[in-house]
Amino acid sequence: MIQDAKTRPAGRTSVGLKVVMAMTGVLFLLFLLAHSYGNLKAFAGRAAYDGYAEHLRTFGEPILPRSGFLWLMGVVLIVSVALHVWAAVVLWQRAHRARSTRYVTFKPVQATLSSRTMRWGGLTILLFVIFHLLQFTTVTIQVGGSFDSPYQRLVAAFQVWYIVVVYALAMVALGMHLRHGIWSAVQTLGWSTRARETPIKRTALVIALVVVVGFLAPPVSMFFGLVK
């Protein structure tokens, strides 16, 4: 027997779950913008990029231990990912149960490609993040050689064509996920009106493009030798 929405805790209602997804999504967006900005430091050369990477490890000292900020940020992001995925799965299960109910009339709602691929796009992004962490954080996966310098690891990896292809496909999935996710978050948080719908959708598209281009610029430039 399905529990009635009125008897569910506020955090487990469909609206509550959408708010969880919206808030964790906002956190992810802020992280992505900061991360893509940091990656662009590769265009300034090895000293600038390695200095940036070292600064992240020492950020917050002496209040935090070395790399303490990175560990704290990692824990927050992991918890946020778990909440985001949990809310998405529960909402998908409820929608699936609702679709199994027969209706006298059925009026299909027009959906964009971004909205139709949200679930699989999210799974693709999750798998990519795991691969990305294994490659550049734990250095479990080494492509192009073993280097102590984060800059050298980056350049060496992105001189391998299939790594660039993997990153490009992941960024396309990320862009589509962001475009629809930003629009959904704005609706969930009650910031959308009919008059604002078009500007918000355009803004979501621009933000998604900024993130995708910001992340793809370094690997593409490195692959074609623009960054040595």
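Look a little higher up for the structure.
Scoring rules and cut-offs
- Residues numbered from 1 in each chain as written.
- Predicted model: local features only at pLDDT ≥ 70, side-chain atom pairs only at ≥ 80, totals over all residues.
- Heavy atoms only, no water.
- Core = buried A, V, L, I, M, F, W, Y, C linked by side-chain atoms within 4.5 Å.
- Buried < 20%, exposed > 50% of the residue type's maximum accessible area, 1.4 Å probe, protein only.
- Helix = DSSP H or I, 4+ residues; strand = E, 2+ residues; numbered from the N terminus.
- Contact = heavy atoms within 4.5 Å.
- Phe/Tyr/Trp six-rings, centres within 6.5 Å; stacked < 30°, edge-to-face > 60°.
- 1 Å grid on protein atoms, 1.4 Å probe; cavity = no way out; pocket = protein on both sides within 12 Å on 5 of 7 lines; lining within 4 Å.
- Points joined across faces, edges and corners; volume = space filled by probe spheres on them.
- Nonpolar A, V, L, I, M, F, W, Y, C, P; charged D, E, K, R; others polar.
- Axes fitted to C-alpha atoms, helices over the stretch in contact; angles between N-to-C directions.
- Parallel < 35°, antiparallel > 145°, perpendicular 65-115°, else oblique.
- Patch = residues over 30% accessible without salt bridge, like charges linked within 9 Å, V, L, I, M, F, W, Y side chains within 5 Å.
- Areas by Shrake-Rupley, 256 points an atom, 1.4 Å probe, with all protein chains shown as cover.
- Salt bridge = Lys/Arg side-chain N within 4 Å of Asp/Glu carboxyl O.

Novice: Explain the nonpolar core to me, please; I cannot follow it from the model alone.
Specialist: In globular proteins that are soluble, nonpolar side chains generally tend to be buried together. Core analysis: the biggest nonpolar cluster contains 34 residues, and Leu154, Phe158, Met171, Leu174, Leu178, Val211 and Met222 have the highest contact counts within it. Among the elements that make up this core, the one with the highest residue count is helix 7 (residues 161-188) (11 residues). Residues in contact with Leu174, not counting those within four places in the same chain, are Leu32, Ile125, Val211 and Phe215.

Novice: Just checking my understanding: could you explain the packing of aromatic side chains for this structure?
Specialist: Two aromatic rings, taken as a pair, are described by how far apart their centres are and by the angle between their planes. In total, this model carries 9 aromatic pairs according to the counting rule given. When the ring of Phe136 is compared with that of Tyr167, the centres are 6.4 Å apart and the planes differ by 70°; the resulting orientation is edge-to-face. Highlighted residues: Phe136 in helix 5 (residues 118-136) and Tyr167 in helix 7, separated in sequence by 31 residues. You can call Tyr167 buried: its relative accessible area is 6%. Summarising the aromatic geometry, the rings of Phe223 and Phe224 are spaced 5.2 Å apart at their centres and angled 85° between planes, so their arrangement reads as edge-to-face. In this structure Phe223 comes out as partly exposed when scored by relative accessible area, which is 35%. Through a chain of ring-to-ring contacts, the aromatic side chains of Phe128, Phe136, Phe158 and Tyr167 assemble into a single cluster.

Novice: Got a minute to help me understand empty space enclosed by the protein in this structure?
Specialist: Vacant regions in the atomic arrangement are exposed by a probe of water-molecule size rolled over the atoms. In total, this model carries 1 cavity of 30 Å³ or more according to the counting rule given. There is about 50 Å³ of room inside the largest cavity. In terms of lining residues, the largest cavity is bounded by Gln135, Phe136, Val139, Ile141, Gln142, Val143, Gly145, Arg153 and Ala157. When residues of the lining of the largest cavity are traced back to their parent elements, those giving at least two are helix 5 and helix 6 (150-157). For the lining of the largest cavity, the class distribution of residues is 5 nonpolar, 3 polar and 1 charged.

Novice: Whenever I open this one, the packing of helix 2 (residues 46-58) against helix 6 confuses me. Can you help?
Specialist: In a packed pair of helices, the relevant descriptors are the angle between the two axes and the axis-to-axis distance. Relative orientation of the contacting elements helix 2 and helix 6 amounts to 120°, with a least axis distance of 8 Å. Between helix 2 and helix 6, the angle is such that the two are oblique. Here Arg46, Tyr49, Asp50, Ala53 and Arg57 of helix 2 lie close against helix 6, whose contacting residues are Pro150, Tyr151, Gln152 and Leu154. A per-class count over the contact of helix 2 with helix 6 returns 5 nonpolar, 1 polar and 3 charged.

Novice: I'm lost on the environment of Gly122 in this one. Help?
Specialist: Position of Gly122 relative to the elements: it lies in helix 5. Residue Gly122 is classed as partly exposed on the basis of its relative accessible area, which comes to 25%. Placed 51 residues apart in sequence, Gly122 and Ala173 show a C-alpha to C-alpha distance of 7.8 Å. With near-sequence residues (within four places) excluded, Gly122 lies in contact with Thr117 and His177.

Novice: What is the right way to read a nonpolar patch on the surface from this model?
Specialist: Together, Val85, Val89, Trp120, Leu123, Leu126, Leu127, Ile130 and Leu134 give the surface a local cluster of nonpolar side chains, amounting to about 700 Å² of exposed area. Residue assignment for the nonpolar patch shows that the elements contributing at least two residues are helix 3 (68-99) and helix 5. By relative accessible area, Trp120 is classed as exposed at 59%.

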